[in-house]
Amino acid sequence: MENPSRQQNRIHRKRRRAFWDGLFIQNPVLAGGAGLSLILTGGQSVQLAWVLVLLQLVLLIPVCLLGNVLGKRMFPWLRVPFILLVAAGFYLPAGWAMLPLFSMDMGKLGLCGILTITNTVLVTVGTRTACEKDLATTFAAAFGSGVGFGAVLMIVCGVWGILMSINEEVFQRASVVIGLGTMACLGAVWQYLKNRRTEKQRREWS
């Protein structure tokens, strides 16, 4: 029988690994190309970017937790519609709660909600965590994935802000190309660091 303290340490390591995997190794944007339209739309405004990051986190966590609790008890083909329905249900209270925080009209916030609910980050992470045995591990994976998505979005937003301050006219004409180029560079760095991590682990095991 496994020692209780060792078992507890193993569970804590698993949860930490779930968070870091969601943030880096299984980053929904860099690993799976999810949420590209959301980033290309929201990255052009700092305010919009923050709204999308918060909405993504607020929706992603309950989607993954409820998907984990109920997803095991439903047919696999029902999980994606279930994820979309849960996200739509949580969007309205989340959207109304954010109105006092950001000076934006309900129409623009509604656009944020549509982009957030229909983007592939929710479906990708929600289906990945649906069969996780530990609910706390599911929370860690969802939170890490949300933070990872937000990190990519804010980096793209920062690059766009710098380029807009240099030459706004050129930026307006090539904003999508610049955004895709920035994500391509981030993806290359992510792949390089992931390969180095894999090589390091291989040397430790050998």
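Refer to the structure printed above.
Residues numbered from 1 in each chain as written. Predicted model: local features only at pLDDT ≥ 70, side-chain atom pairs only at ≥ 80, totals over all residues. Heavy atoms only, no water.

1. Quick look at helix H4 (residues 79-98)
Look at H4: 28 Å from first C-alpha to last across 20 residues, which is about the 28 Å you get at 1.5 Å a residue. The largest bend in H4 amounts to roughly 35 degrees and is located at tyrosine 91, with the proline proline 93 lying one to four residues further along. All of the buried residues in H4 are Arg79, Phe82, Ile83, Val86, Ala87, Tyr91, Ala94, Gly95 and Met98. (Helix = DSSP H or I, 4+ residues; strand = E, 2+ residues; numbered from the N terminus. Expected span 1.5 Å × (residues − 1). Bend = angle between axes of the 7 residues up to and from the residue. Buried < 20%, exposed > 50% of the residue type's maximum accessible area, 1.4 Å probe, protein only.)

2. Digging into the nonpolar core
Among the nonpolar cores identified, the biggest contains 37 residues, and Ile39, Leu122, Phe149, Val152, Leu153 and Met183 are the most heavily contacted of them. Mapped onto this core, the elements with two or more residues apiece are helix H2 (36-42), helix H3 (46-71), H4, helix H6 (120-128), helix H7 (135-166) and helix H8 (168-205). With sequence-adjacent residues up to four places away left out, methionine 183 is seen in contact with Val29, Leu30, Leu36, Ile39, Leu40, Val152 and Val156. (Core = buried A, V, L, I, M, F, W, Y, C linked by side-chain atoms within 4.5 Å. Contact = heavy atoms within 4.5 Å.)

3. What to know about the packing of aromatic side chains
Across all of its chains, the model carries 4 aromatic pairs by this definition. Aromatic side chains phenylalanine 19 and tryptophan 20 sit 5.2 Å apart centroid to centroid with 80 degrees between the ring planes, which places their arrangement in the edge-to-face category. Judged by centre distance (5.9 Å) and plane angle (25 degrees), the ring pair of phenylalanine 19 and phenylalanine 143 falls under stacked. On the criterion of sequence distance, the pair formed by phenylalanine 19 in helix H1 (residues 4-25) and phenylalanine 143 in helix H7 is long-range, its members being 124 residues apart. Using a relative accessible area of 33% as the deciding quantity, one classes phenylalanine 143 as partly exposed. (Phe/Tyr/Trp six-rings, centres within 6.5 Å; stacked < 30°, edge-to-face > 60°.)

4. So, the environment of glycine 89
You can see glycine 89 is positioned in helix H4. What makes glycine 89 partly exposed here is its relative accessible area of 49%. Placed 26 residues apart in sequence, glycine 89 and valine 63 show a C-alpha to C-alpha distance of 10.0 Å.

Treat this as a map of the structure, not an account of what it does.
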